[in-house]
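Topology and contacts: notes
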Amino acid sequence: MEASALALHRLFDTLLTAYGPRHWWPAPTVPAMMAGAILVQNTAWSGASQAVERLLAAGLLDSWPQLLATPEETLWALIRPAGFFRVKGERLKALARFLIDSGGDHDALFRLETPALRAALLGVHGVGKETADSILCYAADRPIFVVDAYTKRIFSRLGWCDDAVEYDALQRWVMDRFSGDAQRYGELHALLVEHAKLHCRTRPRCDGCPLLFCLRHPRMIP
Ligand code: SF4
């Protein structure tokens with residue numbers, strides 16, 4: 001992979017100037033954040049957000065035992081806006097069971113060191129690297145960069161990596177060049193998501209893109 005720490009910092013500064021702080025993760029409580037990290041899998045945040053709101057209104061994010069005891073059909077109806085509601089219902093229950101077994105809530109769990117906490121989260125049914133790292137960064141306040149498909153798309157178009165790059169390799173590459181706390185890593189991820197939604201879409205909208213140094217930018221093409 002190419003590009004320097006300087007280029008990565010330039011990308012961060014440019015996106016922050018263009019879009020402003022993103023104030024992520026958009027959730028009122030830690031349980032809402034953790035549930036949102038499951039519900040947003042393979043769907044847009046708008047649907048996941050609706051599902052989180054419905055869980056909050058039903059009081060199911062006040063008590064993991066209550067969520068676990070909720071009949072499947074009731075849970076499915078509440079989270080239907082997030083899509084894949086049967087799968088996500090099962091995953092939410094697995095998360096609830098894990099938190100209950102870990103001491104009752106996230107406070108007990110978050111006393112673990114980051115590697116142990118990451119390993120524990122990855123052991124939960126339906127929690128992959130992106131979901132685990134989102135919880136680590138945005139809920140547990142750990143300095144870790146969340147990689148997603150948007151990151152791969154933007155960085156590959158900038159010529160910094162192959163679009164088939166492995167999750168761990170890209171995460172290590174970023175963290176070796178861009179140091180910071182959880183807030184800074186969280187901001188970088190959120191800015192990349194915003195950029196992928198506004199400009200670097202599946203079919204890129206390069207006109208007006210703030211990344212003037214991208215070789216695909218209209219100003220770079222003779
Ligand atoms: S110029 Fe186009 S391809 Fe390059 S980052 Fe901007 S939107 Fe993406």
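As the structure is a computational prediction, the values presented were derived from the model and not from experiment.

**A closer look at the nonpolar core**
By size, the foremost hydrophobic cluster in this structure holds 74 residues, and its most contacted members are Leu 11 and Phe 155. Residues from two domains meet in this core; each of domain 1 (5-23 + 145-198) and domain 2 (30-139) gives at least three. Every residue in contact with Phe 155, bar those within four places of it in the chain, is listed here: Leu 8, Leu 11, Trp 160, Cys 161, Leu 170, Trp 173, Val 174 and Leu 192.

**Some details on the domain arrangement of the protein chain**
It is common to report an interface's size as the accessible area lost on association of the parts. Entries for the protein chain in the domain assignment read domain 1 (5-23 + 145-198) and domain 2 (30-139). A C-alpha centroid distance of 25 Å is found between domain 1 and domain 2. Each side of the interface is counted separately: domain 1 has 12 residues, and domain 2 has 7 residues. Between domain 1 and domain 2 lies a buried interface of about 700 Å² when both sides are counted; carbon and sulfur atoms form 56% of it. Of all residues in domain 1, Val 146, Tyr 167 and Asp 168 bury the most surface against domain 2, accounting for 52% of the area lost on that side. Run the count over domain 1 and domain 2 and you get 5 residue pairs in polar contact (both at pLDDT 80 or more).

**Quick notes on helix α5 (residues 72-79)**
Looking at α5, one finds that the buried residues are Leu 75, Trp 76, Leu 78 and Ile 79. On an axial view of α5, the arc spanned by its buried residues comes to 165 degrees, and they lie on one face.

**Let's talk about the pattern of salt bridges**
As enumerated under the stated definition, the model contains 4 salt bridges in all. The salt bridge partner of Arg 22 is Glu 194, with a shortest N-O separation of 3.5 Å. Taken together, the residues Arg 22 in the loop between α1 (5-19) and α2 (30-39) and Glu 194 in helix α12 (residues 182-198) connect sequence positions 172 residues apart. The class for Arg 22 is partly exposed, based on a relative accessible area of 24%. We note a salt bridge from Arg 172 to Asp 176, for which the minimum N-O separation is 3.2 Å. Of this pair, Arg 172 and Asp 176 both sit in helix α11 (residues 167-177), 4 residues apart, roughly one helical turn. In this structure Arg 172 comes out as partly exposed when scored by relative accessible area, which is 47%. Judged by its relative accessible area of 53%, Asp 176 falls in the exposed class.

**Section: the environment of Leu 39**
Inspection of the secondary structure assignment puts Leu 39 in helix α2. Residue classification places Leu 39 among the buried residues on the basis of a relative accessible area of 0%. C-alpha separation for the pair Leu 39 and Pro 204, spaced 165 residues apart in sequence, amounts to 26 Å. Excluding residues that lie within four positions of it along the chain, Leu 39 makes contacts with Ala 48, Ala 51, Val 52, Leu 55, Ile 79, Ala 82, Lys 88 and Leu 92.

**Examining the environment of Cys 206**
Mapped onto the elements of the fold, Cys 206 is located in the segment after α12. As for Cys 206 and Tyr 185, which are separated by 21 residues in sequence, their C-alpha atoms are 25 Å apart. If near-sequence neighbours (up to four positions away) are discounted, Cys 206 is found in contact with Arg 216, His 217 and Pro 218.

**Some thoughts on the packing of aromatic side chains**
Tallied over the entire structure, the rule returns 10 aromatic pairs. A cation sits over an aromatic face here: Arg 80 above Phe 85, 4.3 Å from the ring centre. Looking at Arg 86, its charged tip hangs above the ring of Trp 76, at a distance of 4.9 Å from the centre.

Rules and cut-offs
- Residues numbered from 1 in each chain as written.
- Predicted model: local features only at pLDDT ≥ 70, side-chain atom pairs only at ≥ 80, totals over all residues.
- Heavy atoms only, no water.
- Core = buried A, V, L, I, M, F, W, Y, C linked by side-chain atoms within 4.5 Å.
- Buried < 20%, exposed > 50% of the residue type's maximum accessible area, 1.4 Å probe, protein only.
- Domains from an automatic or database assignment.
- Contact = heavy atoms within 4.5 Å.
- Buried area = accessible area lost by both parts, 1.4 Å probe.
- Polar contact = N/O pair within 3.5 Å; in protein donor to acceptor, adjacent residues only side chain to side chain.
- Helix = DSSP H or I, 4+ residues; strand = E, 2+ residues; numbered from the N terminus.
- Arc of directions from axis to C-beta.
- Salt bridge = Lys/Arg side-chain N within 4 Å of Asp/Glu carboxyl O.
- Phe/Tyr/Trp six-rings, centres within 6.5 Å; stacked < 30°, edge-to-face > 60°.
- Lys NZ or Arg CZ within 6 Å of the ring centre and 35° of its normal.

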